[in-house]
Amino acid sequence: MNYTETLDWMFAQLPMFQRDGKTAFKKDLTNSVAFSKHLNYPEKKFKSIHVAGTNGKGSTSHMIASILQEAGYKVGLYTSPHLKDFRERIKINGEVILKDEVVDFIEENNSFLKQHNLSFFEMTVGLAFDCFAKKEVDIAVIEVGLGGRLDSTNIITPEVSVITNIGFDHMQFLGETLSEIAFEKAGVIKNEVPVVIGEFQEETYPVFEKVAKEHESPLFLASSTIKTSYVSDLEGNYQIHNIKTVLQSIAILKTKGFSISEENIKNGLQKVVENTVLLGRWQTLKEQPKVICDTGHNKEGLYYVFKQLKQESFKKLHIVFGVVNDKDLNSILPLFPKNATYYFCKPNIPRGLNATDLQKKCLEFDLIGNVYSSVKEAYNESLNLAEDKDLIFIGGSTFVVAEVV
């Protein structure tokens with residue numbers, strides 16, 4: 001198989017959460033453990049940092065990787081989902097892996113993958129860990145896919161475990177309350193491994209404290225302990241919380257023998273996009289009219305997005321908006337500004353919510369606009385109608401942003 005055929009095969013194996021949602025979720029680490037054994041335990045051959053959380057785990061992972069790169073380390077970075085190219089998920093010092101590496105890995109392990117019915121995510125995690133081991137990375141930053149306790153990445157014993165925050169997302173898998181969701185995320189806490197909590201609530205702190213105590217893991221609360229602030233090239237105001245989480249994580253790495261200077265931290269935070277090629281975080285795509293996109297897609301993430309949008313100056317606001325079909329619209333739509341023109345669209349994945357259904361639901365919240373057959377058509381129409389001093393915002397889903405960056 002060539003690269004395209006290999007990806008098609010991977011995507012077709014078992015349902016993939018990125019496209020299909022709930023049917024792709026596996027509540028079991030059996031396959032991940034078996035695949036690790038088959039690959040000769042690659043995750044034991046490199047040091048790692050494990051990053052979980054409802055929001056900000058992608059930005060946090062990229063910032064940590066950028067700082068470590070500035071400090072001269074060879075850094076693996078595993079994140080999900082990808083926006084444009086599958087290989088964005090697996091990078092070493094900001095470079096995506098080769099197409100041939102994907103093809104060869106699937107070919108070499110094909111009989112095992114078929115025999116054990118591995119999911120798309122399980123085989124991708126195996127590919128990442130195998131690649132990082134073979135390339136002899138000094139350390140890898142591993143972002144959790146979903147939850148933590150039962151996520152395919154949760155076979156590592158990291159130098160530090162990170163939980164950015166807890167909010168309401170993917171409740172059909174992780175629980176209906178903040179404490180239930182926190183319990184799933186706290187599954188990344190390992191015996192005697194320090195754990196950094198970015199932000200916490202009254203309901204979540206007791207969960208983290210209890211699990212950390214059970215594992216004899218030192219607990220660090222970044223929002224309380226970190227008083228310094230740094231500038232980052234990731235421009236969202238919400239990054240201030242992620243930066244504190246990053247600084248606490250880096251402080252712990254320094255106690256474990258990693259050599260990271262103040263200069264490395266400053267440069268790493270200011271060169272995240274250059275070092276790691278991160279896309280879609282309060283990203284300005286165009287001026288006159290100004291076009292901004294952001295991958296925020298749940299109540300907590302969108303709260304910060306719209307808070308920042310209020311600080312922008314513009315004549316009229318245009319919003320290109322699409323979501324996935326398992327989104328709790330009743331929780332997010334009250335956050336959306338009513339004084340905007342909406343361009344409703346469906347992201348090009350099976351999980352995408354029909355744009356007409358979205359328009360009907362938005363009407364209940366006085367959010368008015370037309371339906372378009374694709375994200376591209378919606379974006380193009382917003383560009384046609386917007387004047388130079390207007391602002392166009394594109395968001396609602398990672399997959400909407402993926403079609404415009």
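Calculation rules
- Residues numbered from 1 in each chain as written.
- Predicted model: local features only at pLDDT ≥ 70, side-chain atom pairs only at ≥ 80, totals over all residues.
- Heavy atoms only, no water.
- Salt bridge = Lys/Arg side-chain N within 4 Å of Asp/Glu carboxyl O.
- Helix = DSSP H or I, 4+ residues; strand = E, 2+ residues; numbered from the N terminus.
- Buried < 20%, exposed > 50% of the residue type's maximum accessible area, 1.4 Å probe, protein only.
- Pairing = 2+ DSSP bridges.
- Contact = heavy atoms within 4.5 Å.
- Axes fitted to C-alpha atoms, helices over the stretch in contact; angles between N-to-C directions.
- Parallel < 35°, antiparallel > 145°, perpendicular 65-115°, else oblique.
- Left-handed = near helix turned anticlockwise from the far one by under 90°.
- Nonpolar A, V, L, I, M, F, W, Y, C, P; charged D, E, K, R; others polar.

Trainee: Outline the pattern of salt bridges, listing residues and values.
Mentor: Within this structure, the stated rule accounts for 11 salt bridges. Here R87 and D85 are joined by a salt bridge, their closest N and O atoms 2.9 Å apart. Among the ionic pairs, R149 bridges to E184, the shortest N-O distance being 3.0 Å. Here R149, found in the loop between β5 (139–143) and β6 (160–163), pairs with E184, found in helix α9 (residues 178–185); they are 35 residues apart in sequence, far enough to count as distant. We classify R149 as partly exposed; its relative accessible area is 33%. What makes E184 buried here is its relative accessible area of 10%.

Trainee: Which residues make up the sheet that holds β5, and what values do they have?
Mentor: If you walk across this open sheet you meet the 8 strands as β4-β3-β2-β5-β1-β6-β7-β8, and the pairing is mixed. Taken across any chain shown, the strands that pair with only one partner, and hence form the sheet edges, are β4 (95–96) and β8 (219–221). Relative to strand β3 (residues 90–92), strand β2 (residues 75–78) is paired through 3 bridges, and the arrangement is antiparallel. Within β3, the residue paired with G76 across the bridge is I92. Each of β6, β7 (195–197) and β8 is contacted by helix α10 (residues 205–214), which is oriented at about 155 degrees to β8, the strand it contacts most.

Trainee: How would you summarise the environment of I49 if you had to cite specific residues and measurements?
Mentor: Along the polypeptide, I49 turns up in strand β1 (residues 47–52). Judged by relative accessible area, I49 falls into the buried class, the value being 0%. Residues I49 and Q359, 310 residues apart in the sequence, show an inter-C-alpha distance of 41 Å. Beyond its immediate stretch of four places on either side in the chain, I49 contacts I64, L68, I139, A140, V141, I142, P158, V160, V162 and L253.

Trainee: Run through the packing of helix α4 (residues 57–70) against helix α13 (residues 262–270), naming residues and quoting values.
Mentor: Describing two packed helices takes the angle between their axes plus the distance from one axis to the other. Where α4 contacts α13, the two axes come as close as 8 Å, and the packing angle between them is 130 degrees. With respect to α13, the axis of α4 lies oblique. Where α4 crosses over α13, the two elements pack in a sense that is right-handed. For the pair α4 and α13, contact is made by M63, S66, I67 and E70 and by N264, I265, N267, G268 and L269, respectively. Split by residue class, the contact of α4 with α13 holds 4 nonpolar, 4 polar and 1 charged.

Trainee: Before we move on, could you go through the sheet that holds strand β10 (residues 290–293) and cite the residues and values that matter?
Mentor: As summarised here, the arrangement of the 6 strands in space is β9-β10-β14-β11-β12-β13, forming an open sheet in which the pairing is mixed. Either end of the sheet is taken by a strand with one partner, and the two such strands are β9 (283–286) and β13 (369–371). Going from strand to strand, the sheet's axes swing by 20 degrees on average, the running direction of each strand aside. Summarising the sheet, β10 and strand β14 (residues 391–395) pair through 4 bridges and their orientation is parallel. In the strand pairing of β14, V291 is matched with I392.

Trainee: Describe the pairing of strand β12 (residues 340–344), naming the residues involved and giving the relevant values.
Mentor: Of all 5 residues in β12, 4 are buried, a share of seventy percent or more. When strand β11 (residues 317–321) meets β12, the two strands line up parallel, connected through 5 bridges. Its bridge partner lying in β12, H318 is registered against T341. In the sheet, β12 pairs with β13 via 3 bridges, with the strands oriented parallel. From the neighbouring strand, Y342 faces β13, where its bridge partner is G369.

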